[in-house]
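# Observations on chain architecture
Listed below, chain by chain, are the residues.
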Amino acid sequence: MRRALGEPRRDWQARVESQGLVYHTPLGVPYWDESAHYVFKRGEIDVLEAATAELQRICLDAAQHVIDHDRFAEFGIPPNVVAAIKQSWDAEPPSIYGRFDLAYDGSGPPKLLEYNADTPTSLLEAAVVQWYWLQDVSPNDDQWNSIHERLVEKWRELKEYLWAPVYFAHVDAREHEDLMTVTYLRDTASEAGLGTLGIAMSEIGADDGRGEFVDLAGSRIASIFKLYPWEWMVHEAFGQRMLESLERQQIQVIEPIWKMLWSNKALLAVLWELFPHHPNLLEAHLNERGSLRSFAKKPLMSREGANVTLVREGSVVATMDGD
């Protein structure tokens, strides 16, 4: 693996905007950066693919362990949510995607930093924008992933399972990244032949008489993809109604509620407990240990690097504040 320098395309802003990446320079700082990229050997790609498959396997084991040993409190999961998680885990409702964040330098094995399994973004960049960039700058090379094709294939598999139309929900339209991520996922579902509708989270209502969630026209929402954390939803006004709707199997939600077990930093500690010294894991504990002199301390549900404390040889060297 090597880091290669490159010259940004002269009209790169217009190009990526045409592909949906309208948030390429937030607050005047480039987020999409074409001045450097990474080149991998085929063998390194094989290593990364094997690592992600292995991590997925042991994460499944970890989730089963948490359920079997009733360790929900260690994840900060409210007691009233546990039954819905267990029911969802046993029913195996559709799960479309997740994102492993890995540390890898091309020499040692990839190491898991965290698993964004409920509301992962960076999807449009990886599946679409990167591919078009590669066609422009190096058309004879290939990219690792086949995200777009696999998303379409997965939606196609689910056509008979999902109750049409499938709603695609996002937060406020000012959150451009979330909006474009949901729009892209909706496009892949439409390409697979599903009927889809877009909706903002704030536009979702509840019909008390029918006991159903509804859109602004009063139509039932039976299947929904939401780019919205379960950790927020279960504490909000409609949270208990959602749990009741899941229990009565009145609504299908992607990603499923059991993903709360994976989108939580406590997963890292459980993985280390079950698979100590696994080559793809970093040592992790639910509480500070005296044996660790240098470490990152994260809240269970930190977002975008917020509220992380870095400790080096027992001294705090950096913190990052957030909500």
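Everything in this summary refers to the structure shown in the same document.

Looking now at the overall build of the protein. Per the secondary structure count, the protein includes nine helices and 13 strands. Taking 2.2 N^0.38 as the reference for a compact globule, 323 residues should give roughly 20 Å; the C-alpha atoms of the protein span a radius of gyration of 21 Å, in line with that estimate. Every one of the 323 residues in the protein was classed for burial, and the buried ones make up 44%. Of the roughly 17400 Å² that the protein leaves accessible, carbon and sulfur atoms contribute 50%. Positive and negative side-chain charges in the protein, numbering 31 and 50 respectively, have mean positions lying 2 Å apart.

This next bit is on the pairing of strand E12 (residues 308–312). Residues in a regular strand project their side chains so that they alternate between the two faces of the sheet. Alignment of strand E11 (residues 295–297) against E12, held across three bridges, turns out to be antiparallel. Counted as the bridge partner of Lys297 is Thr309 from E12. Taking the residues that link successive antiparallel strands as the turn, the E12-strand E13 (residues 315–320) hairpin has two residues, and the phi of Glu313 there is positive, at about 50°.

Pairing in this open sheet of three strands is antiparallel, and the strands run E11-E12-E13 from one edge to the other. Looking at the sheet topology across the chains shown, the edges are occupied by E11 and E13. Direction aside, the axes of adjacent strands within the sheet are offset by 20° on average. By the bridge criterion, five bridges tie E12 to E13 in an arrangement that is antiparallel. Considered in E13, the bridge of Leu310 is made with Ala318.

Before going further, it helps to examine the pattern of salt bridges. Evaluated as defined, the whole model comprises 20 salt bridges. Where Asp118 meets Lys226, a salt bridge forms, and the shortest distance between an N and an O atom there is 2.7 Å. Note that Asp118 is positioned in the loop between strand E4 (111–116) and helix H4 (123–137) and Lys226 in strand E9 (residues 223–226), a separation of 108 residues in sequence. For the pair Asp118 and Lys226, a shared accessibility class is recorded, and that class is buried.

Time to look at the layout of surface pockets. Approximately 630 Å³ is the volume found for the second largest pocket. Taken together, 23 residues line the second largest pocket, and the ones lying closest to its centre are Ala284, His285, Ala296, Lys297 and Lys298. Sorting the residues of the lining of the second largest pocket by element identifies E4, helix H9 (266–274) and E11 as the ones contributing at least two each. Broken down by element, the residue count for the lining of the second largest pocket peaks at four residues, all from H9. Looking at the lining of the second largest pocket residue by residue, the classes come out as 14 nonpolar, three polar and six charged.

Parameters at a glance
Residues numbered from 1 in each chain as written. Predicted model: local features only at pLDDT ≥ 70, side-chain atom pairs only at ≥ 80, totals over all residues. Heavy atoms only, no water. Helix = DSSP H or I, 4+ residues; strand = E, 2+ residues; numbered from the N terminus. Rg over C-alpha atoms; globule rule 2.2 N^0.38 Å. Buried < 20%, exposed > 50% of the residue type's maximum accessible area, 1.4 Å probe, protein only. Areas by Shrake-Rupley, 256 points an atom, 1.4 Å probe, with all protein chains shown as cover. Lys, Arg positive; Asp, Glu negative; His and termini not counted. Charge placed at Lys NZ, Arg CZ, Asp CG, Glu CD. Pairing = 2+ DSSP bridges. Axes fitted to C-alpha atoms, helices over the stretch in contact; angles between N-to-C directions. Salt bridge = Lys/Arg side-chain N within 4 Å of Asp/Glu carboxyl O. 1 Å grid on protein atoms, 1.4 Å probe; cavity = no way out; pocket = protein on both sides within 12 Å on 5 of 7 lines; lining within 4 Å. Points joined across faces, edges and corners; volume = space filled by probe spheres on them. Nonpolar A, V, L, I, M, F, W, Y, C, P; charged D, E, K, R; others polar.

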